[in-house]
Each structure stands twice: as structure tokens, then as C-alpha cells.
Amino acid sequence: SKGDILIGAAAPWAAKQDLLWEGISMAVDEINRNGGLLNGRKIKVIQGDDKGDLTTGQLVAQSFADDENVVAVLGHSASYISIPVSIIYQYYGIVMISPVSTNVKLTSQGYPKIFRNIPSDRIFGEKIAQFCRDHGFSNILIYNIDDDYGRGIGNAFEISALANGLSILDRSSYDELSSARDFREDIKSWKDNYRFDAIFLAGVVPQAAEFIVEARKMGVNVPIIGSDAMDSPLLLEIAGQAAENVYVGSVFHPDVDYPAMKTFLESFRKTFGKEPDIDATQGYEAMMALAQGIRCAGTTVPADIARAMHAQKSFKGLTGEFAFDQHGDVTGKPLIM
């Protein structure tokens, strides 16, 4: 009821190649600079490095759970971690908001304290399938990384593609140990056996970018289409010219004509001297949404914060207003190709 409001932030921080932390910290600085919350209480964020590993992620979640002063956690980044650790946060009575986990399982478990600040795989799959239909990409291959994220977005896209009258000619997977040699073998098999209009790549950079490079080297010039995990400057840094004719579904684009986005971009560039990415915007919005939930609840009791967040009809985001439904899924966020 007094002192700093303690928030956990969980991700593979030491290995991070995105700007999630910068987005979170910028939001915290703004909130604290403007007087904090609940009669001047400041927000303090503590990092927990899950190293991109489930076992470590469970230990991080337990460490937050064991601290009775932790009100909420922003994280985790990977769906294969955020889904199993969500039960820890729910059981110990901590609000969890995942800024970038899209797998539908996260919010389908019936946990009222669990939220996501990014549309689910189902929404991304529908949008991208409609994009393929509208652009005449009728015969498609699916290539997904073999984890919760890749399987989830791959399944969502396949279901929506079939519903839109598209043909899925083949579906294969790779894992985190797959190399350029593995990619070349799969690409050769496709070239020898199929005539395809596009490839849906349910992957994450840097591996997704490495696949794109190998595909272009082998003469595969059809559109390659990905989802939010490929919306990264690293895609262009690694793939270079090979990234031509690559399309990505996202909730972020710096040219969105919305006043809040313009203000955010100016502030981020001034603060960090670089361009923000999707993770920066998602971290910023997740922290701001949590702060509004605390204000509306009038307390830092997590159960009351969760109820307030479910009850709020509108949170002001960088691309417009959004809300959370009864499952904790975000609604109202526009998707951009």
C-alpha cells in the first residue's frame, strides 16, 4: 500500500536483439516523471532473464512469485515459455501481460490474471491468409519453426488459408539447430516436386532471414510471407536484397498516421538515438496499459487490477484505442502488412 510499485520484466535479456526493454523503460520513465501512480508512488521494474529457456523461465517466474511485493510481470517473450509459466503467475496471484506472445493457448486456459498485448495467432493467420487470397497467391508452402510459436501461427494460417480457398501444397518444419544445409535440402525438395506461388514462413529472425537468403540463392523468387516475429530490422540486416518480395504481418509501422505514434517515435529517437521496433512499441503499450489498470483499480492488489483491466472499455495505444476481452486477449489493434 506504499512505496515503489514493483513490476517484473521477463525475457532473454542478455541475448536480446530487440528493443523490448527500451520500450518498457521509456514508459516507466514517463509515468514516474509525471507523478507516478496512486498518490505519487513510483514504478520500479526488475529484470528476470529467462535466457529463452523454459526451465530458466520457470525459475524466473517462481522468483517473482516468491516476492510478495511483485504486483505484475511483463513477459515472457517466447510462447513456449509464457504458456507454461502463466499458471505460476495465476496461482500466486500476479498479473501477467505478455507483450509479444501470440499463441492462442496463453489466453485459452481460463486464467483471469493473464493478458496479452498483441493479437493472437488466429488473428494474424486470418489477416495473412486474406492478404494471400487478395494477391492471387493460391498454391502455398508452409515452413514453420518447430516450437509453440511456429506451430501455432502455422496452424492458424493453414486453417484460414483453406477457408479462403487456397491450396496448401506441403508443410515442413525446422528447429533451432537447423542450418543453411538443412534449408537447402528442403528448398530443393520443393523445387523438384511442386509449383508454388508463395511460401508462408512461420519463423523468427535470425533463422528466418537465413532461410530467405538460401531460398533466393537457389532461385526461389516467389513471395515469402511471415508474421510478427519477422518484423525486425535484423531481417533486412541479414537478408539484404534477398528480402525483396518478403511480406510481414505486424501491429507496428512508423508511418501510421496517429498522433500518439508520432509522439512516441520522436521521444524514442531522442532518448535512445535509434528507431524503435515492434517489441519497443509492445513493451511501451503493455506498461502503459498496466498503469491505467492500476489507476482504475485504485490499488496494487493484483486481482483488483485484473478486474479493472477486463472492465476498461478503452486503453489509448500508439495506433489507436484497444481493450482486453474476457479471456485477456487484446481487441481493436489494427494489423498491417
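Bear in mind the structure is a predicted one, so any value in this text is a computation, not a measurement.

Caption draft 1: The arrangement of the environment of Ala-280 in detail. By secondary structure assignment, the location of Ala-280 is in helix H10 (residues 278-297). Distance in space between the C-alpha atoms of Ala-280 and Ala-27 is 10.0 Å, their sequence separation being 253 residues. For Ala-280, the residues in contact, after removing those within four places along its chain, are Leu-19, Leu-20, Gly-23, Phe-264 and Phe-268.

Caption draft 2: Spatial organisation of the pairing of strand E7 (residues 167-174). As defined by bridge partners, strand E6 (residues 139-145) adjoins E7 across seven bridges and the pair is classed as parallel. Looking at the pairing, Leu-141 lines up with Asp-170 of E7. In this fold, the crossover linking E6 to E7 by way of helix H5 (residues 148-163) has right-handed handedness.

Caption draft 3: Quick peek at the pairing of E6. Of all seven residues in E6, six are buried, a share of seventy percent or more. Where E6 and strand E8 (residues 198-202) come together, five bridges link them in parallel fashion. In the sheet register, Tyr-143 faces E8, and the bridge partner there is Leu-201.

Caption draft 4: Quick peek at the environment of Lys-191. If you trace the backbone, Lys-191 turns up in helix H6 (residues 180-193). Taking relative accessible area as the criterion, Lys-191 reaches 42% and is therefore assigned partly exposed. Spatially, the C-alpha atom of Lys-191 lies 9.3 Å from that of Gly-219, the residues being 28 residues apart in sequence. For Lys-191, the residues in contact, after removing those within four places along its chain, are Phe-196, Met-218, Gly-219 and Val-220. Looking at Lys-191, its side chain comes within polar contact range of the main-chain oxygen of Met-218, at 2.5 Å.

Caption draft 5: Quick look at the packing of aromatic side chains. A full pass over the atoms with the stated rule returns 19 aromatic pairs. Arranged with centres 5.2 Å apart and planes meeting at 80°, the rings of Tyr-91 and Tyr-92 form a pair that is edge-to-face. Tyr-91 sits in the exposed class, given a relative accessible area of 67%. Taken together, the ring pairs in this structure connect Tyr-143, Tyr-174, Phe-183, Trp-190 and Phe-211 into an aromatic cluster.

Caption draft 6: Representation of the sheet that holds strand E10 (residues 246-248) within the structure. An order of E7-E6-E8-E9-E10 is seen for the five strands of this open sheet, with the pairing classed as parallel. Both edges of this open sheet fall to E7 and E10, since each of them pairs with a single strand only. On average, each strand axis in the sheet is inclined to that of its neighbour by 20°, with strand direction left out of account. Sheet topology note: the strand E9 (residues 224-226)/E10 ladder contains three bridges and is parallel. Bridge pairing in E10 links Ile-225 to Tyr-247.

Conventions we followed
Residues numbered from 1 in each chain as written. Predicted model: local features only at pLDDT ≥ 70, side-chain atom pairs only at ≥ 80, totals over all residues. Heavy atoms only, no water. Helix = DSSP H or I, 4+ residues; strand = E, 2+ residues; numbered from the N terminus. Contact = heavy atoms within 4.5 Å. Pairing = 2+ DSSP bridges. Right-handed = clockwise from strand over helix to strand, strands pointing away. Buried < 20%, exposed > 50% of the residue type's maximum accessible area, 1.4 Å probe, protein only. Polar contact = N/O pair within 3.5 Å; in protein donor to acceptor, adjacent residues only side chain to side chain. Phe/Tyr/Trp six-rings, centres within 6.5 Å; stacked < 30°, edge-to-face > 60°. Axes fitted to C-alpha atoms, helices over the stretch in contact; angles between N-to-C directions.

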